[in-house]
Amino acid sequence: MPQFGLAQPVRRVEDPRLLKGAGRYTDDIAMPGTLFGVVLRSPHAHAKINGIDTAAAKALPGVRAVYTAADFAADGIGGLPCATPLKNRDGSDMPLPPHPVLAEGFVRHVGDPVAFIVAETMQAGRDAAEAVMVDYDVLPSVTDLATALDDGQPQVWPEVPNNRVFDWEIGDKAATDALFASAARVVSLTVVNNRIVVNSMEPRAAIGSYDAAADRWTLHANTQGGWLVKDLMAGAVFKTSPEKFRVITPDVGGGFGMKLFLYAEHVMVCYAARKLNAPVKWISERSEAFLSDTHGRDNVTLGEIALDKDNKFLALRTRNIANMGAYLSNFAPFIPTLAGTGVLASVYGFQQVYANVIGAYTNTVPVDAYRGAGRPESNYLVERLIDAAAAELGVDRVELRRKNMVPPSAMPHSTPVGKTYDSGDFQVVLDAALKHVDWAGFAARRAESARRGKRRGIGLAYYLEATGGAPTERAEIRFADGGFVDVYVGTQSTGQGHETAYVQLTVDQLGVDGEKVRIFQGDTDTIPTGGGTGGARSLYSEGQAILATAATVIEKGKRAASEALEAAPADIVFEQGRFSIVGTDRGIDIVTLALQQRAKADAGQDVTTLDAAEVAQIQAHTFPNGCHIAEVEVDPETGVVSVVRYSVTDDVGKAVNPMIVRGQVHGGVTQGLGQALFERTAYDAGSGQLLSGSLMDYALPRADDLPDIEVELIEVPCGTNPLGVKGAGEAGAVGSPPAVMNALVDALRGDGITQIDMPATPEVVWKALASAKKAA
């Protein structure tokens, strides 16, 4: 089994199935008698609904139903919950306006769902949507985060003055302020973390069906874990027990945080399925996704850093305004607060950190977790701020970082925001990264670019990520006919390569043939509990569960082998997939034993079987970290920025499969470069219309926009889990935006430009150069 060994670059076992078209996604599921759902969405950012006339739509051929908020209210259907409410810094509760499944009385963003049409064909549903007549009174809207909290701005919710959702803090403000007062130097910087439209390759989809005899729903949907969706929909929306719902998640084509949540369409298809006693399918179109999928990021943050006379970091102070959109998505308040601020100290020895986070309502699509979920925003601020401090102080930016890094001798290290790092050798990673890219030789490369009329810059960002997620995870191992070993997991792959890593772990622990290991996921009936996938948690959480379950299988196997081989349990040993009597050649392999014992149990004999399930308690999260270095060239005539080299040196602990880790880093870096240079989410200030509402207007990075992304792995094992692993799924997106933007500022500093915000599109860069030239 060496081809499935740990730390080996095993090719992904799921890929042949997917590449041959044998994947099964939500839209591939066809149930007899399926009806099709179409959502009528608001064309206005803010308006009062005076009335909805559905008569003409209902009269069209093939239309089975048209539902509005009144129908949902009559049947007692609740709204979508915010699962993470906060306390304000004065101790008061944050306001929680409702988030109706269909708009009640008012619409609050373009794309707000107003009616749900169910028809026998998709085209009939679309025709009916056009026939629904909605009488709107258009109201003023606010879409600009920078001014949303100002007096006189339109109010998204009348019960939330100045659109201020929450005013939250973490850290010791008095102690932080005292350090600032004593500082030899204070440097400040305000940065924009631009709004992102997620654009997963597979759009969201949902199919609801209802079994009237059992009074039970089944929802097929492309989630990142059906257990959360099941619990929230049962409790908050349908007000029944979770056992009334089964959620099945088939293959998923990308999630990036956006598919974690309970969405209105999940509720709509389940509601309609019960009303019509037929399966109801809804599939998002790409333009619809721009208006209905949760967006990401969208922060404006002031950062201040206090330094002593020796340029040692004393304290960090931040004030972040975070856009929530028009409604609170499930985890929206958590992302910029507890998730994001947990990494503000990063790898540096700050004595104090204080963060004030203010949530703002706007007439825009709700915002929630996107790859990294708060941690990229914080790392971006810190790394941009350190570069600004180095420039203002006239010191080397690398050395300023190096002298302030927490040394490995200080581990475990507790930060001022309540995190404890168990491991890390940040200076070693930094030095390896600098050597890999020949940082010292950059001047020659800059001179060569200048000869071609280009500005060249180099930038680095040292990131620290804090993984997250549910506090438990479950695994189950069953031995099946044909010699298969079936592993049931509570996480949900959306393209990361989970199946391969879990096969490797199972082979390592049980010594079975990797080609006989099958991974099952995504069914809340066959897998009763699961934490899903998010926060880069899957390997260290599910990995611990698999290890615990495998240990139970082996312990049960020893008892079973003692029965089968007629020996004392203490004399049974397990090695390389085989139980044997110590000191003899008598033994039996684990699969044969498991199937024999199951056959005996099926025949009514009282024997020990090997199937087992365990729930692992996740005692601590992990802190992957690393150094990203980017080199960019800027064409001053056009403003076009080209990333000509990109290198990542990562500490993700032990790498179970280095090839998959590198692939995850490549994807994360690509998304980070997209945010930094391409992806602009633009709303019209007057109408509140999403101007970048399709891939004609919203630029995603293409293969020819990217350099070869070089990834080096330096293993500093994590001490808080038996695998020694740290999360890798989000790390690429955490370090890349500040590395690229620091490189861009370095390229333009000679033109007098010291600050530029994302996305640094050619227009933005060209205007900055033109303004600097005019001011010179």
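Here the structure is shown first, and the text comes after it.
Thresholds, definitions, all that
Residues numbered from 1 in each chain as written. Predicted model: local features only at pLDDT ≥ 70, side-chain atom pairs only at ≥ 80, totals over all residues. Heavy atoms only, no water. Phe/Tyr/Trp six-rings, centres within 6.5 Å; stacked < 30°, edge-to-face > 60°. Helix = DSSP H or I, 4+ residues; strand = E, 2+ residues; numbered from the N terminus. Axes fitted to C-alpha atoms, helices over the stretch in contact; angles between N-to-C directions. Parallel < 35°, antiparallel > 145°, perpendicular 65-115°, else oblique. Left-handed = near helix turned anticlockwise from the far one by under 90°. Contact = heavy atoms within 4.5 Å. 1 Å grid on protein atoms, 1.4 Å probe; cavity = no way out; pocket = protein on both sides within 12 Å on 5 of 7 lines; lining within 4 Å. Points joined across faces, edges and corners; volume = space filled by probe spheres on them. Nonpolar A, V, L, I, M, F, W, Y, C, P; charged D, E, K, R; others polar. Salt bridge = Lys/Arg side-chain N within 4 Å of Asp/Glu carboxyl O. Buried < 20%, exposed > 50% of the residue type's maximum accessible area, 1.4 Å probe, protein only. Pairing = 2+ DSSP bridges. Polar contact = N/O pair within 3.5 Å; in protein donor to acceptor, adjacent residues only side chain to side chain.

**Quick notes on the packing of aromatic side chains**
Right, so step 1: A complete count under the given rule lists 18 aromatic pairs for this structure.
Right, so step 2: When the centroid spacing of 5.9 Å and the interplanar angle of 70° are considered together, the rings of Phe426 and Tyr462 count as edge-to-face. Placement of the pair is Phe426 in helix H12 (residues 426-436) and Tyr462 in strand S18 (residues 455-464), with a sequence separation of 36 residues.
Right, so step 3: Among the aromatic residues, ring-to-ring pairing joins Tyr210, Trp217, Phe238 and Phe245 into one connected group.

**Topic: the packing of helix H17 (residues 658-677) against helix H18 (residues 731-748)**
Right, so step 1: Running from N to C, H17 and H18 cross one another at 40°; their axes reach a closest spacing of 7 Å. Classified by the interaxial angle, the pair formed by H17 and H18 is oblique. You can see that H17 and H18 cross each other, and the crossing is right-handed. Where H17 abuts H18, its residues Val665, Gly668, Val669, Gly672, Leu673, Gln675, Ala676 and Leu677 lie against Gly732, Ala733, Ser736, Pro737, Val740 and Met741.

**Comments concerning the layout of surface pockets**
Right, so step 1: In this structure, the second largest pocket encloses a volume near 550 Å³.
Right, so step 2: Surrounding the second largest pocket, 23 residues form its lining, Asp144, Val192, Asn194, Asp298 and Thr681 being those nearest its centre.
Right, so step 3: Those elements giving two or more residues to the lining of the second largest pocket turn out to be strand S8 (185-193) and strand S13 (299-307).
Right, so step 4: For the lining of the second largest pocket, the class distribution of residues is ten nonpolar, seven polar and six charged.

**What about the pattern of salt bridges?**
Right, so step 1: Taken as a whole, this structure holds 51 salt bridges when the rule is applied.
Right, so step 2: Salt-bridge contacts for Arg518 lead to Asp486; the nearest nitrogen and oxygen are separated by 2.7 Å. Of this pair, Arg518 sits in strand S21 (residues 517-520) while Asp486 sits in strand S20 (residues 484-489), and the two are 32 residues apart along the sequence.
Right, so step 3: Judged by relative accessible area, which is 31%, Arg518 ranks as partly exposed.
Right, so step 4: The network of salt bridges with common partners includes Asp438, Arg445, Glu448, Arg452, Arg456, Glu631 and Glu633.

**A short note on the side chain of Thr761**
Right, so step 1: Its place among the elements puts Thr761 in the loop between H18 and helix H19 (762-775).
Right, so step 2: Contacts of Thr761, omitting those with residues within four sequence positions, involve Gly639, Leu677 and Phe678.

**A few points about the pairing of strand S7 (residues 164-170)**
Right, so step 1: Among the seven residues in S7, five count as buried, and that is most of the element.
Right, so step 2: Alignment of S7 against strand S15 (residues 352-361), held across six bridges, turns out to be antiparallel. Bridging from a neighbouring strand, Asp167 pairs with Ile358 of S15.

**A look at empty space enclosed by the protein**
Regions of empty space are outlined by a rolling probe, equal in size to a water molecule, passed over the atoms.
Right, so step 1: Inspection of every chain in the model, using the stated rule, returns four cavities of 30 Å³ or more.
Right, so step 2: Taken as a whole, the largest cavity spans an internal volume of roughly 220 Å³.
Right, so step 3: Lining the largest cavity are 24 residues, and of these Leu80, His99, Tyr263, Ser292 and Pro366 lie nearest its centre.
Right, so step 4: Contributions of two or more residues to the lining of the largest cavity are made by helix H7 (264-276) and helix H8 (286-292).
Right, so step 5: By residue class, the composition of the lining of the largest cavity is 13 nonpolar, seven polar and four charged.
Right, so step 6: When its volume is computed, the second largest cavity comes out at roughly 100 Å³.

**Digging into the sheet that holds strand S22 (residues 572-575)**
Right, so step 1: Strand order in the open sheet made by the three strands is S22-S23-S24, with antiparallel pairing throughout. Each edge of the open sheet is held by one strand with a lone partner, namely S22 and strand S24 (587-589). Each adjacent strand pair in this sheet contributes to an overall mean axis angle of 20°, direction not counted.
Right, so step 2: Pairing of S22 with strand S23 (residues 578-581) involves four bridges; the strand directions are antiparallel.

**Let's talk about the sheet that holds strand S28 (residues 709-713)**
Right, so step 1: Judged by pairing direction, the sheet is mixed, and its four strands sit side by side in the order S18-S26-S27-S28 without closing on themselves. Each of the sheet's edge strands pairs with one partner strand only, and the pair in question is S18 and S28. On average, adjacent strands in this sheet sit at an angle of 15° to one another, irrespective of strand direction.
Right, so step 2: Pairing analysis gives ten bridges linking S18 to strand S26 (residues 625-634), with the strands arranged antiparallel.

**A look at the environment of Arg578**
Right, so step 1: Topologically, Arg578 is positioned in strand S23.
Right, so step 2: What makes Arg578 partly exposed here is its relative accessible area of 35%.
Right, so step 3: Sequence separation of Arg578 and Ala148 is 430 residues, and the distance between their C-alpha atoms is 66 Å.
Right, so step 4: In contact with Arg578, other than residues within four places in its own chain, are Val573, Asp585, Arg586, Gly587, Ile588 and Asp589.
Right, so step 5: Engagement of the side chain of Arg578 in a polar contact is seen with the backbone oxygen of Gly587, the distance being 3.3 Å.

**Examining the environment of Arg375**
Right, so step 1: For Arg375, the location among the structural elements is in helix H10 (residues 375-393).
Right, so step 2: The spatial distance from the C-alpha of Arg375 to the C-alpha of Ala339 is 6.7 Å, given a sequence separation of 36 residues.
Right, so step 3: When sequence neighbours within four positions are dropped, the list of residues in contact with Arg375 reads Ala339, Gly340, Val343, Glu465, Ala466, Gly535, Glu730 and Val734.
Right, so step 4: A polar atom in the side chain of Arg375 sits 3.0 Å from the backbone oxygen of Gly372.
Right, so step 5: A distance of 3.1 Å separates a polar side-chain atom of Arg375 from the backbone oxygen of Ala466.

In short, shape yes, function no, at least from these values alone.
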